[in-house]
Amino acid sequence: MIQSKPKGNTVFALTAFFVLLIGGIIYTNHNASENGASWFHIVSLVISVVVAVVVLVMLMFRIKLVSVDRGKMKVNYPLRFRKSEMDMKEQLFAWQEDQIETNGMTFKEMTILFKGGDIVKLSNQEDSGYGKIHNYLTKKFKKQRQYPKPKDKV
């Protein structure tokens, strides 16, 4: 059984950033209520709340537990209370790996598309078990791999 879950560093960083944002919102709100709300307080509160909501949504919708065993992929989204199980031999439509070079590092993202419309995205920097799932798909489902389209020459 191959399992992939979010790396601890990723979850810790997003959670710490979210906690700092909430602390900043509370402090700014307290400071504004004591000293009177100025335009700076209002603008910083609006920006902080928007960023906090975006980070919270990222935490809620990006955390997933993926397991692959005997041709079946199980995806569990614990914060969305959603589980799905797909038979890869029957439902796998295509999969593709994209690589992006940034400052000497390679960022890899794999997109797995199923016939029911389900899409599972994994990346090597955010998810553990990425390499094992990539090797499994390369070995068992090479025909479904879609290669990136060549870029048009100008």
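In what follows, the accompanying structure is described.

**Comments concerning the overall build of the chain**
Of regular secondary structure, the chain possesses 4 helices and 7 strands. For the chain, the N- to C-terminal ordering of α and β elements is β-α-α-β-β-β-α-β-β-β-α. Here the C-alpha atoms of the chain give a radius of gyration of 21 Å, more than 25% beyond the 15 Å that 2.2 N^0.38 yields for 154 residues. Projecting the C-alpha coordinates of the chain onto the three principal axes gives extents of approximately 65 × 45 × 30 Å. For the chain, the accessible surface area stands at approximately 10700 Å², while carbon and sulfur atoms represent 60% of it. Averaging the positions of the 23 positive and the 13 negative side-chain charges in the chain gives two centres separated by 7 Å.

**Quick notes on the packing of helix 1 (residues 8-35) against helix 2 (residues 39-62)**
Their axes nearest at 9 Å, the elements helix 1 and helix 2 cross at an angle of 155°. If you check the angle between helix 1 and helix 2, you find them roughly antiparallel. Judged by the twist between their axes, the crossing of helix 1 over helix 2 is left-handed. Along the contact surface, helix 1 presents Leu-14, Thr-15, Phe-17, Phe-18, Leu-21, Ile-22, Ile-25, Thr-28, Asn-29, Asn-31 and Ala-32, while helix 2 presents His-41, Ser-44, Leu-45, Ser-48, Val-49, Val-51, Ala-52, Val-55, Leu-56, Met-58 and Leu-59.

**A closer look at the pairing of strand 2 (residues 65-69)**
Here strand 1 (residues 2-4) pairs with strand 2 via 3 bridges, running antiparallel. Residue Ser-4 lies in a different strand from strand 2, and its bridge partner there is Val-66. Bridge count for strand 2 against strand 3 (residues 72-77) is 5 bridges, and the pairing is antiparallel. Counterpart to Ser-67 in the pairing with strand 3 is Lys-74. Taken together, strand 2 and the strand that follows it, strand 3, pair antiparallel across an intervening segment of 2 residues, in which Arg-70 is found at a positive phi of about 55°.

**Thoughts on unusual backbone geometry**
One non-glycine residue, Arg-70, adopts positive backbone phi at about 55°. Mapping Arg-70 onto the fold places it in the loop between strand 2 and strand 3. Arg-70 gets classed as exposed once you look at its relative accessible area, which sits at 76%. Not every positive phi belongs to a glycine, and Asn-103 is a case in point at roughly 45°. Locating Asn-103 in the fold gives a position in the loop between strand 5 (92-102) and strand 6 (105-114). For Asn-103, a relative accessible area of 84% gives the class exposed.

**Some details on the sheet that holds strand 7 (residues 119-123)**
A sheet is described by the order of its strands in space; here 3 strands give the open sequence 5-6-7, paired in antiparallel fashion. In the strand order of this sheet, the two ends are held by strand 5 and strand 7, each with one partner. Geometrically, the sheet is characterised by an average inter-axis angle of 15° between neighbouring strands, direction not taken into account. Bridge analysis of strand 5 against strand 6 gives 10 bridges, and the strand direction is antiparallel. When the bridges of strand 6 are listed, Trp-95 appears paired with Ile-112.

**Section: the environment of Phe-81**
Counting through the fold element by element, Phe-81 comes out in the loop between strand 3 and strand 4 (82-87). Along the primary structure Phe-81 and Ile-100 are separated by 19 residues, whereas in three dimensions their C-alpha atoms are 32 Å apart.

Cut-offs and rules
Residues numbered from 1 in each chain as written. Predicted model: local features only at pLDDT ≥ 70, side-chain atom pairs only at ≥ 80, totals over all residues. Heavy atoms only, no water. Helix = DSSP H or I, 4+ residues; strand = E, 2+ residues; numbered from the N terminus. Rg over C-alpha atoms; globule rule 2.2 N^0.38 Å. Areas by Shrake-Rupley, 256 points an atom, 1.4 Å probe, with all protein chains shown as cover. Lys, Arg positive; Asp, Glu negative; His and termini not counted. Charge placed at Lys NZ, Arg CZ, Asp CG, Glu CD. Axes fitted to C-alpha atoms, helices over the stretch in contact; angles between N-to-C directions. Parallel < 35°, antiparallel > 145°, perpendicular 65-115°, else oblique. Left-handed = near helix turned anticlockwise from the far one by under 90°. Contact = heavy atoms within 4.5 Å. Pairing = 2+ DSSP bridges. Buried < 20%, exposed > 50% of the residue type's maximum accessible area, 1.4 Å probe, protein only.

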